Amino acid sequence: MSSELIINVVYLISAILFIVGLKRLQSPVTARTGNRIAGLGMLLAVVGTLFLRQILTPAEMIAGLMIGGFIGALMARRVKMTAMPELVAAFNGFGGLASSLVATSEIIQSGADQNLAAFLSVFIGVVTFSGSLIAFLKLSAKMTGNPIQFFGQYIVLGGITLSIIGSITWVFLGGDPITCLWILTGLSLLFGVLIVLPIGGADMPVIVAFLNALSGLAAAATGFVLNNTALIISGALVGASGIMLTNTMCVAMNRKFWQVMIGGFGGDSNDEESGKLVDGKTITSTTPDDTAIMLSYARKVIIVPGYGLAVAQAQHQVRELAEVLESMGVEVKYAVHPVAGRMPGHMNVLLAEANVPYDSLYEMDEINHEFESTDVALVIGANDVVNPAARHDKSSPIYGMPILNVDQAGTVVFLKRSMRPGYSGIPNLLFFEPNTRMLFGDAKDSVSELITEVKAV
Amino acid sequence: MELLLQLVTLFVLAMFIGREILSKVPQTLHTPLMSGSNAISGITIVGALVYAGMDGGSLVKWIGVFALIAATINVVGGFMVTGRMLEMFKKRPTD
């Protein structure tokens, strides 16, 4: 049997292992073995390639594997769960970078090849890389999370898009592929930067999912360059996963993908004026003492976590509070909005880290009808996802977004640092309702005080 | 052309399989799904290996080595961090 045939069989087995592994992610019970099965598929593909392809000088290759493995392992081990969004963005970027570099190698190697797939692969891969880099910087707060927009942005972006199409067309009209390659790489870098810059913090879950899709599509495009079935199948699976998540996030915000991409929505914070925006209405602030009494005598409490919880790193305190309340006979559940946080599933990972059992975390549709029978809804660091303006205020930018019905609970307690609005910059009328109480302060400190007070009741 | 069509067929079918399987992943596992599928997109590593293992000190080889480092970070880091997250989704022993 030729080695070419054997390696294709190996790749087929790898692809099957990837599919089986991903399928096991459908339940938290089977997910761990699923991840191992997919990892095994990857190992098999790598080992198969090493044995069956002609590897002439292994020294640099082994060095590359060791350096990459070391850096990857270090990042994976040391990352805090609250920093997971930026880590995922970084890994997406490395994937895109790798795919574009492989396509670059192929273009240089084969010389004057008029290979559309190769140029597409460079384009998608480089855009994934530079876009992820900006997303990483924004998510890790190394640059502002507010949308960055400048005059003529879309004209510049349009110009770059046309130049990208032009440079690829030029190769097919007889232009020098290597020159084109470098021009295309430069333009794609700019393109990726420019599409992520105008995205605000609240839209980050969409963009992280989208970059995830791109990293898959980049791998698939590279597969077309190398005629490699393993790359095509895996890339398509990842692409489908990312597109599905992007779509889920858009639906959860009632926004179209293009609206998100235009950007300008949802900075990290602005407008301290919003507390005054509503004339003649006042807020009712409360103390940990009063809140603790209310919680202790409640029959049912629903905790609604948001990005503010991640910022304050209050997940462990929240879990402790829930446990104390449960020990007193209070029913405690968590309601997680799909776009709470900065990436799909962000809150779930955070709470899982704090040992909150995953079966007490409820998705929006599962729990929304339960707020009516809830005594206290405890909203920690969330805002837009509970803003009733989404239901009835047609002028509101978040109009139509499905929200958690916390306003139907007996009492709503907001744990907030100050009266500033949510990440969309929209004031929340719920703050001014008679059954709403505001508990100001750092979420971690507030929850710690609540624990002490509840224990004292 | 015939080969291209076969590959496109493969791509399209794999997209459908991906969609079928992954739309059933619960919201609670969306982050591990992203990091895990991202690790799988590091499959580019098999392409990088071929170029990194080439003879001589050509530009292509060094680009290949660089690609290999990036892909390995993606693969090793991606699977490890996914594993780390999924460990947290274990049921507690008291349950």
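These numbers come from a predicted model, not from an experiment. (Residues numbered from 1 in each chain as written. Chains lettered and ligands numbered in written order. Predicted model: local features only at pLDDT ≥ 70, side-chain atom pairs only at ≥ 80, totals over all residues.)

Here we look at the overall build of chain B
Counting its secondary structure elements, chain B contains four helices and zero strands. C-alpha atoms of chain B, sized along the principal axes, occupy 60 × 35 × 15 Å. Each of the 95 residues in chain B was classed as buried or not, and the buried ones make up 62%. (Helix = DSSP H or I, 4+ residues; strand = E, 2+ residues; numbered from the N terminus. Buried ≥ 20, exposed ≤ 12 C-beta atoms within 10 Å, placed from the backbone.)

With respect to the environment of B:Phe66
All names here are of chain B. Examined against the element boundaries, Phe 66 turns out to sit in helix α4 (residues 59-88). Among the residues examined, Phe 66 registers 20 C-beta atoms within 10 Å and is labelled buried. With 15 residues separating them in the primary sequence, Phe 66 and Tyr 51 have C-alpha atoms 9.9 Å apart.

Some thoughts on the packing of helix α1 (residues 3-23) of chain A against helix α2 (residues 31-52) of chain A
Residues and elements named next belong to chain A. Following both chains from N to C, one finds α1 and α2 inclined at 170°, their axes separated by 7 Å at the closest point. If you check the angle between α1 and α2, you find them roughly antiparallel. The handedness of the crossing between α1 and α2 is left-handed. Every residue of α2 that contacts α1 at Ser 3, Ile 6, Ile 7, Val 10, Tyr 11, Ile 13, Ser 14, Leu 17, Phe 18, Val 20, Gly 21 and Leu 22 is listed here: Gly 34, Asn 35, Ile 37, Ala 38, Leu 40, Gly 41, Leu 44, Ala 45, Gly 48, Thr 49 and Leu 52. (Axes fitted to C-alpha atoms, helices over the stretch in contact; angles between N-to-C directions. Parallel < 35°, antiparallel > 145°, perpendicular 65-115°, else oblique. Left-handed = near helix turned anticlockwise from the far one by under 90°. Contact = placed C-beta atoms within 7 Å.)

Some thoughts on unusual backbone geometry
Residue and element names in this part refer to chain A. Located in the positive-phi region is Asn 227, a residue other than glycine, with phi close to 50°. Inspection of the secondary structure assignment puts Asn 227 in the loop between α8 (204-226) and α9 (229-253). Looking at Asn 227, the number of C-beta atoms within 10 Å reads 13, which means it is partly exposed. Despite not being glycine, Asn 254 has its phi angle at roughly 50°, a positive value.

A word on the sheet that holds strand β4 (residues 376-380) of chain A
Residue and element names in this part refer to chain A. In space, the six strands of this open sheet follow the order β3-β2-β1-β4-β5-β6, with parallel pairing throughout. Of all the strands in the sheet, the pair left with one neighbour each is β3 (361-363) and β6 (436-440). Ignoring strand direction, the axes of neighbouring strands in this sheet form an average angle of 25°. As judged from the five bridges shared by strand β1 (residues 300-305) and β4, these two strands associate in the parallel manner. Residue pairing across strands places Ile 302 opposite Ala 377, the latter belonging to β4. Each of β1, β4, β5 (411-416) and β6 is contacted by helix α11 (residues 288-296), which is oriented at about 130° to β6, the strand it contacts most. Together, β1, β2 (331-336) and β3 form the strand contacts of helix α14 (residues 346-353), whose direction differs from that of β2 by roughly 145°. (Pairing = 2+ DSSP bridges.)

Thoughts on the interface of chain B and chain A
Residue-level contacts link 74 residues of chain B with 93 residues of chain A. Those elements that place two or more of their residues in the side of chain B that touches chain A are α1 (2-22), α2 (30-41), α3 (45-52) and α4 of chain B. Residue contributions to the side of chain B that touches chain A peak at 28 residues, all from α4(B).

Quick word on the domain arrangement of chain A
Interface extent is often summarised as the accessible area lost during association of the parts. Residue and element names in this part refer to chain A. Each assigned domain of chain A is listed with its residue range as follows: domain 1 (79-262) and domain 2 (272-456). The straight-line distance from the C-alpha centre of domain 1 to that of domain 2 is 36 Å. Contact residues are listed per partner, giving 19 residues for domain 1 and 18 residues for domain 2. Taken together, the elements giving at least two residues each to the side of domain 1 that touches domain 2 come down to α4 (84-110), α8 and α9. Broken down by element, the residue count for the side of domain 1 that touches domain 2 peaks at five residues, all from α9. The class makeup of the residues in the side of domain 1 that touches domain 2 is 14 nonpolar, five polar and no charged. (Domains from an automatic or database assignment. Nonpolar A, V, L, I, M, F, W, Y, C, P; charged D, E, K, R; others polar.)

So, the packing of helix α5 (residues 116-139) of chain A against α8(A)
Residues and elements named next belong to chain A. Interhelical geometry of α5 versus α8 gives an angle of 155° and a closest axis separation of 8 Å. Classed by the angle they form, the pair α5 and α8 counts as roughly antiparallel. For the pair α5 and α8, the sense of crossing is left-handed. Contacts between α5 and α8 involve Ala 117, Ala 118, Leu 120, Ser 121, Ile 124, Gly 125, Val 127, Thr 128, Gly 131, Ser 132, Ala 135 and Leu 139 on the former and, on the latter, Met 204, Ile 207, Val 208, Leu 211, Leu 214, Ser 215, Leu 217, Ala 218, Ala 221, Thr 222, Phe 224 and Val 225. Partitioning the contact of α5 with α8 into residue classes produces 17 nonpolar, seven polar and no charged.

Observations regarding the nonpolar core
Of all hydrophobic cores here, the largest spans 188 residues; its most connected members are A:Val304, A:Val379, A:Ile380, B:Ala67 and B:Leu68. Tallying contributions element by element places α8(A) first for this core, with 17 residues. Dropping the residues within four chain positions of it, A:Ile380 is found in contact with A:Ile303, A:Val304, A:Pro305, A:Gly306, A:Gly308, A:Leu309, A:Ala314, A:Val318, A:Leu415 and A:Ala443. (Core = buried A, V, L, I, M, F, W, Y, C linked by C-beta atoms within 7 Å.)

Some words on α1(A)
The end-to-end C-alpha distance of α1(A), which contains 21 residues, comes to 30 Å, matching closely the 30 Å that a straight helix rising 1.5 Å per residue would cover. Taken together, the buried positions of α1(A) are A:Ile7, A:Val10, A:Tyr11, A:Ser14, A:Ala15, A:Leu17, A:Phe18, A:Ile19, A:Gly21 and A:Leu22. Of the surrounding elements, those touching the buried residues of α1(A) are α2 and α9 of chain A together with α1 and α2 of chain B. (Expected span 1.5 Å × (residues − 1).)

Details of the confidence of the model for chain B
For chain B, per-residue confidence averages 89 on the pLDDT scale, and residues scoring 70 or more make up 93% of the total. Reported for the predicted complex are a pTM of 0.89 and an ipTM of 0.94. (pLDDT = per-residue confidence, 0-100.)

Thoughts on helix α17 (residues 443-456) of chain A
Residue and element names in this part refer to chain A. For α17, built from 14 residues, the straight-helix expectation of 20 Å at 1.5 Å per residue is met to within 8% by its first-to-last C-alpha distance of 20 Å. Within α17, burial applies to Ala 443, Ser 446, Val 447, Leu 450, Ile 451 and Val 454. Angular distribution of buried residues about the axis of α17 spans 145°; they occupy a single face of the element. In α17, the exposed positions that point more than 90 degrees away from the buried face belong to Thr 452 and Ala 456. Packed against the buried residues of α17 are α11, α12 (307-312), α13 (315-327), β4, β5 and β6. (Arc of directions from axis to C-beta.)

Some words on the pairing of β5(A)
Residue and element names in this part refer to chain A. Counted residue by residue, β5 has six buried out of six residues, so it is predominantly covered. Alternating positions in β5 separate into two faces, Thr 411, Val 413 and Leu 415 on one and Val 412, Phe 414 and Lys 416 on the other, with burial throughout. Sheet analysis places β4 next to β5, joined by five bridges and oriented parallel. Pairing of Val 376 across the sheet is with Thr 411, part of β5. Across five bridges, the pairing between β5 and β6 is parallel. Within β6, the position partnered with Lys 416 by the bridge is Phe 440.

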